[in-house]
There are 2 protein chains.
Amino acid sequence: MEFNTTTYNARRGELMKKVGRGIILLPGNGESPRNFEGNPYFFTQDSTFLYYTGIQMPDVVLVLDCDSGETILFGNEVTLDHKIWMGDTDSLVDMGQKSGISKIVALDRLPKYLAQHSSPKVHYPPPYRAEHLLLLSTLLGVDVNGVPSGMSPELVHAIVSQREIKSSDEVDGLEEALGTTKKMHENVMRQAAPGKTETYLMGLVEQTALSKGARTAYSPIVSVRGEILHNFNYGNTLREGQLLLGDFGALMPSGYTGDITRTIPTSGTFSTQQKEVYQIVLNAQERAVQMLQPGTLFKAVHLAACTEIVEGLTNLGLMRGNAEAAVEAGAHTLFYPHGLGHMIGLDVHDMENLGEEYVGYDTTVKKSKEFGLKSLRLGKSLKQGFVVTIEPGIYFIPELFHHWKSTNHPCSEFLNYDKISSYLDFGGIRIEDEYLVHEDGGRLLGAPIPKQVQEVEDIMSS
Amino acid sequence: MEFNTTTYNARRGELMKKVGRGIILLPGNGESPRNFEGNPYFFTQDSTFLYYTGIQMPDVVLVLDCDSGETILFGNEVTLDHKIWMGDTDSLVDMGQKSGISKIVALDRLPKYLAQHSSPKVHYPPPYRAEHLLLLSTLLGVDVNGVPSGMSPELVHAIVSQREIKSSDEVDGLEEALGTTKKMHENVMRQAAPGKTETYLMGLVEQTALSKGARTAYSPIVSVRGEILHNFNYGNTLREGQLLLGDFGALMPSGYTGDITRTIPTSGTFSTQQKEVYQIVLNAQERAVQMLQPGTLFKAVHLAACTEIVEGLTNLGLMRGNAEAAVEAGAHTLFYPHGLGHMIGLDVHDMENLGEEYVGYDTTVKKSKEFGLKSLRLGKSLKQGFVVTIEPGIYFIPELFHHWKSTNHPCSEFLNYDKISSYLDFGGIRIEDEYLVHEDGGRLLGAPIPKQVQEVEDIMSS
């Protein structure tokens, strides 16, 4: 999947049209130093800059003049020294050309340009790196503390309205990322076994991505302590009878990302208890997927998945009472404290840097502050072309259980604490896939990755 | 290797004594966002903060009051929410205790503390991340542009004087990193072969580190284009008859790093031409190692290695004339444009963030601005306890060759351009090991990693 100048010109043209007046300033990212400037992490381009230019080079700024239609890249050209040290890369002029931008200007001329073009307004997105705060403060002559509040909601709305609808080329990009992501998961499924370490399997995940020229899109979760939701430790050795939760995906050179979760039995087969809980999570995912449709509130999809989880846990005797009432009260959050999913694209949580109130919510659907719903990244009405993750889960989190029980949590009437206490060493299960919202419903993206109980057990024994 | 409270207390006590008066402010690092705040790169602690505390936690600041001897950690305690999401980690109080610090204060109280203790001076090291600029600007009430020049040379001198001398525990830490680094290199040597891709081998390097609970200490170089000195592309497939340059090392959980380079023949055996050049690089390394001794200028060691390279290339007919005169004129820099080595410890280029004029040079030895010498990171007199890399190389860089030849470079009298032009597809060779400077000379750190021609060919065929 290769985008061409027509694509980028069209995207930029539409953005200028939507914003209407003034200058649009989109700073690309710089290098991020680890312990000293000369030792950066691998480079990650700002995804909005990438969407409108396709340029993977640090320290370049895109300027669009909505009034004149002029497009300029401000950056510094590659030097001979750079070529000796870094190899023969495309010049900035070459990159501009591929992106359809012919006007390239040295970065140090940007402040003067902005001073001359600051009326009626300079639109910029909210900064999420300290380097952006400093750059914008310098460029605009504004105190650094005033930079965040000066961001342009019109610009953010315009960007979101373009980026949230994935073109078929973008869907190809996402499916390419899922191809590599599938290999990453299947390698873990084939190699996970008692005695193997989490570090070994995490290394396998990284190697599978790297050997395809990709990276991992975020710090992988590869853990027998799946109930720790953002567990970035890899200190355990797999033992018989555990569940291994793997949440990871590929980041392709194009910038498109993958985000898949699977939970597998370390022994190669699920115990009856594991199978029962696993099936509830699968059912919740299936119920959510059935509801995907343009016009449907994602918050409603989330709550339907919650209801499915409560019904399942009630059947197992862990919960009791009316399922809808339990969900209304938030009783499910003891087991499922996070949200059902988020958009995905050039970011794994697509456009999260632009602000959830613009990306996941809108004027009609506001984010809740309640435990559980406050972690739902997407609540608004679905549109054709959205790509979303559907990732229900059930976790037994001892700290949370003890906290609820000891404080006699208002939801206690829905909970059978005695029975739950016998599950406290269970761990956690999450199952996550990506779906494209199209006019008839939701379509699974990428080739299927083993997910049904039998499929998982089959690949683990292969 | 585990440091204890006695070590950290002694280090901090010595630092306060050396600085003498005022407040010492050592900010730890925060998380570094990739595309949005919630998706950071893996965490890297500031190495000076780590040296004086051992604490691997983001957003903590160490304050030492030289006048009263008081030691305070400013940071925010781990919450229940954090435990649910991130797992049961040590609290800040626990970490402080392990480090010998009992006074823990909330981060938001630091500005007031500093306002009350700003006299006679607040000493801080030079900032190298944008986040440090912002933090120091806020904490000290100084304009962000004034922060860099306000750093304390007295503090930097004191830190360097401690960190440059490695204790035996630190040497153990470095050798532990070299143990993993050896495995990383040997795995590549065993698997490199025509048809394998650089991405595959780079993935193998990462996996070997990760599976041992380590990380790579810097972006690995794994390339058949070894003449590109900082080549972070992995786009080639190995072909018969090439040289593969691998420059990578482990970063351990302790923070200690490894930095080893090997150059191996893709075919499993060196050609005669490759062997001839390889042996010159080995000889240059050996000549440098023989000179390691407390009191010897590292710049002199570098120049001796350059002389060895010129002598070798003269024997091959690529250079001509008097070797010392050629080195004096800088003729070797066509083949060897970088420096012989640098200190290594908690940073791979140890303390590079503190400034080369304090770390690698001093009042008697100033850094040269000449091509070649300007890339020498360490020039000053060696002391017992220094750990340094010794990494000579010979590269055939077509861009540089054509530039020198077409501009009739002043060093042309020393160069046989006709003969050199037949080597332009040779690539590059570098060989790098780490040495401890002790009273009798230099000691190789870590178990030897295959390096002699026969050793390399043996492991590749094993």
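Worth saying up front: this structure is predicted, and the values here are computed from it rather than measured.

A.B. asks: Before we move on, could you go through the interface of chain A and chain B and cite the residues and values that matter?
C.D. replies: Taken together, the contacts link 69 residues of chain A with 69 residues of chain B. A combined buried area of about 5,500 Å² lies between chain A and chain B, and 59% of that area is made up of carbon and sulfur atoms. For the pair chain A and chain B, the interface holds 0 salt bridges. Applying the counting criterion to the chain A and chain B interface returns 20 residue pairs in polar contact (both at pLDDT 80 or more). Elements supplying a minimum of two residues to the side of chain A that touches chain B: helix H3 (80-86), helix H6 (130-140), helix H9 (198-211), strand E6 (215-216) and helix H14 (398-406) of chain A. Residue contributions to the side of chain A that touches chain B peak at 9 residues, all from H9(A). Looking at the side of chain A that touches chain B residue by residue, the classes come out as 32 nonpolar, 24 polar and 13 charged.

A.B. asks: Describe in detail the sheet that holds strand E8 (residues 243-248) of chain B, supporting the description with residues and values.
C.D. replies: All names here are of chain B. Spatially, E7-E8-E10 is the arrangement adopted by the 3 strands of the open sheet, whose pairing is antiparallel. Edge positions in the sheet fall to strand E7 (221-223) and strand E10 (260-265), since each of these pairs with one other strand and no more. Neighbouring strand axes in the sheet, compared pairwise and without regard to direction, differ in orientation by 10° on average. Judged from the 3 bridges that link them, E7 and E8 form a sheet pairing that is antiparallel. Counterpart to Val222 in the pairing with E8 is Gly246.

A.B. asks: Which residues make up unusual backbone geometry, and what values go with them?
C.D. replies: All names here are of chain A. The peptide bond linking Ser119 to Pro120 adopts the cis configuration, its omega dihedral lying at 0°. Its place among the elements puts Pro120 in the loop between helix H5 (110-116) and strand E5 (122-123). Look at Asn408: it is not a glycine, yet its phi comes out positive at around 45°. Tracing the backbone through its elements, the reader meets Asn408 in the loop between H14 and helix H15 (417-421).

A.B. asks: Kindly report on the layout of surface pockets, identifying the contributing residues and their values.
C.D. replies: Residues and elements named next belong to chain A. There is about 310 Å³ of room inside the second largest pocket. Along its surface, the second largest pocket is lined by 19 residues, and Val224, Arg239, Gln242, Asp425 and Phe426 are the ones closest to its centre. For the lining of the second largest pocket, the residue count by class is 5 nonpolar, 9 polar and 5 charged.

A.B. asks: Tell me about the relation of the copies chain A and chain B, and name the residues and values.
C.D. replies: For the pair chain A and chain B, the superposition axis carries a translation of 0.0 Å, the fit reaches an RMSD of 0.0 Å, and the rotation angle comes to 180°. What the rotation and shift describe, once combined, is the action of a two-fold rotation axis. Comparing interface residues between copies, 100% of those in chain A also sit at the interface in chain B, which points to an isologous, same-surface contact.

A.B. asks: Break down empty space enclosed by the protein for me, citing the residues and quoting the values.
C.D. replies: Using the criterion set out here, one finds 11 cavities of 30 Å³ or more in the structure. Estimates place the volume of the largest cavity at around 320 Å³. Lining the largest cavity we find 23 residues, and of these Phe42(A), Arg215(A), Phe42(B), Glu206(B) and Arg215(B) sit closest to its centre. Elements with a minimum of two residues in the lining of the largest cavity: H9 and E6 of chain A together with helix H9 (198-211) and strand E6 (215-216) of chain B. Split into classes, the residues belonging to the lining of the largest cavity amount to 13 nonpolar, 4 polar and 6 charged.

A.B. asks: Explain the nonpolar core to me, using residue names and the numbers behind them.
C.D. replies: By size, the foremost hydrophobic cluster in this structure holds 310 residues, and its most contacted members are Leu15(A), Leu25(A), Phe298(A), Leu15(B), Leu25(B) and Phe298(B). Among all residues touching Phe298(A), those that are not within four sequence positions of it are Leu292(A), Leu340(A), Gly341(A), Leu376(A), Leu378(A), Gly379(A), Lys380(A), Leu382(A), Val388(A), Thr389(A) and Ile390(A).

A.B. asks: Describe in detail the pattern of salt bridges, supporting the description with residues and values.
C.D. replies: Residues and elements named next belong to chain A. With the rule as written, the count across this model stands at 46 salt bridges over all chains. Of the charged contacts, one joins Lys18 and Glu14 as a salt bridge, the two residues approaching to 3.6 Å between their closest N and O atoms. Of this pair, Lys18 and Glu14 both sit in helix H1 (residues 5-19), 4 residues apart, which is roughly one turn of that helix. One salt bridge connects Arg443 with Glu175, and the closest N-O pair in it is separated by 3.7 Å. In this pair, Arg443 sits in strand E15 (residues 441-444) while Glu175 sits in helix H8 (residues 168-191), placing the two residues 268 residues apart along the sequence.

A.B. asks: How would you summarise helix H11 (residues 298-315) of chain A if you had to cite specific residues and measurements?
C.D. replies: Three or four residues apart is the spacing at which side chains of an α-helix point the same way, because the helix has 3.6 residues per turn. Residues and elements named next belong to chain A. The end-to-end C-alpha distance of H11, which contains 18 residues, comes to 26 Å, matching closely the 26 Å that a straight helix rising 1.5 Å per residue would cover. Taken together, the buried positions of H11 are occupied by Phe298, Val301, His302, Ala304, Ala305, Cys306, Thr307, Glu308, Ile309, Val310, Gly312 and Leu313. Where H11 is buried, its residues meet helix H10 (272-291), helix H12 (323-329), strand E11 (387-390) and strand E12 (393-395).

A.B. asks: Requested: an account of the packing of H1(A) against helix H7 (residues 153-163) of chain A, with residues and values cited.
C.D. replies: All names here are of chain A. In contact at an axis separation of 9 Å, H1 and H7 are set at 140° when each is read in the N-to-C sense. Classed by the angle they form, the pair H1 and H7 counts as oblique. At the point where H1 passes H7, the crossing takes the right-handed sense. Counting all contacts with H1, which are made through Arg11, Glu14, Leu15, Lys18 and Val19, the residues of H7 involved are Glu154, Leu155, Ala158, Ile159, Ser161 and Gln162. Residues of the contact of H1 with H7, tallied by class, amount to 5 nonpolar, 2 polar and 4 charged.

A.B. asks: Please give an account of the pairing of strand E3 (residues 71-74) of chain B that cites residues and values.
C.D. replies: The two faces of a sheet get side chains in turn, since along a regular strand they alternate between them. Residues and elements named next belong to chain B. A two-sided burial pattern is seen for E3, the buried positions comprising Thr71 and Leu73 on one face and Ile72 and Phe74 on the other. Of the strand pairs in this sheet, strand E2 (residues 61-65) and E3 are connected by 4 bridges, and their pairing is antiparallel. Directly across from Leu64, in E3, lies its bridge partner Thr71. Hairpin remark: E2 followed by E3, antiparallel, with 5 residues in the connecting loop; positive phi at Gly69, about 80°.

A.B. asks: Describe helix H16 (residues 453-460) of chain A, listing the residues and the values that go with them.
C.D. replies: Residue and element names in this part refer to chain A. Burial in H16 covers these residues: Val453, Val456, Glu457, Ile459 and Met460. For H16, the angular spread of buried residues about the axis comes to 165°, placing them on one side. Here the buried face of H16 lies against H8, strand E10 (260-265) and H10.

A.B. asks: Just give me the short version of the packing of helix H1 (residues 5-19) of chain B against helix H4 (residues 92-99) of chain B, but keep the residues and values in it.
C.D. replies: All names here are of chain B. At a minimum axis separation of 7 Å, H1 and H4 run at an interaxial angle of 75°. In terms of their interaxial angle, H1 and H4 are classed as roughly perpendicular. For the pair H1 and H4, the contacting residues are Thr5, Tyr8, Asn9 and Arg12 in the first and Gln97, Lys98 and Ser99 in the second. Classifying every residue of the contact of H1 with H4 gives 1 nonpolar, 4 polar and 2 charged.

Rules and cut-offs
- Residues numbered from 1 in each chain as written.
- Chains lettered and ligands numbered in written order.
- Predicted model: local features only at pLDDT ≥ 70, side-chain atom pairs only at ≥ 80, totals over all residues.
- Heavy atoms only, no water.
- Contact = heavy atoms within 4.5 Å.
- Buried area = accessible area lost by both parts, 1.4 Å probe.
- Salt bridge = Lys/Arg side-chain N within 4 Å of Asp/Glu carboxyl O.
- Polar contact = N/O pair within 3.5 Å; in protein donor to acceptor, adjacent residues only side chain to side chain.
- Helix = DSSP H or I, 4+ residues; strand = E, 2+ residues; numbered from the N terminus.
- Nonpolar A, V, L, I, M, F, W, Y, C, P; charged D, E, K, R; others polar.
- Pairing = 2+ DSSP bridges.
- Axes fitted to C-alpha atoms, helices over the stretch in contact; angles between N-to-C directions.
- 1 Å grid on protein atoms, 1.4 Å probe; cavity = no way out; pocket = protein on both sides within 12 Å on 5 of 7 lines; lining within 4 Å.
- Points joined across faces, edges and corners; volume = space filled by probe spheres on them.
- Least-squares fit on C-alpha atoms with pLDDT ≥ 70 in both.
- Core = buried A, V, L, I, M, F, W, Y, C linked by side-chain atoms within 4.5 Å.
- Buried < 20%, exposed > 50% of the residue type's maximum accessible area, 1.4 Å probe, protein only.
- Expected span 1.5 Å × (residues − 1).
- Parallel < 35°, antiparallel > 145°, perpendicular 65-115°, else oblique.
- Left-handed = near helix turned anticlockwise from the far one by under 90°.
- Arc of directions from axis to C-beta.

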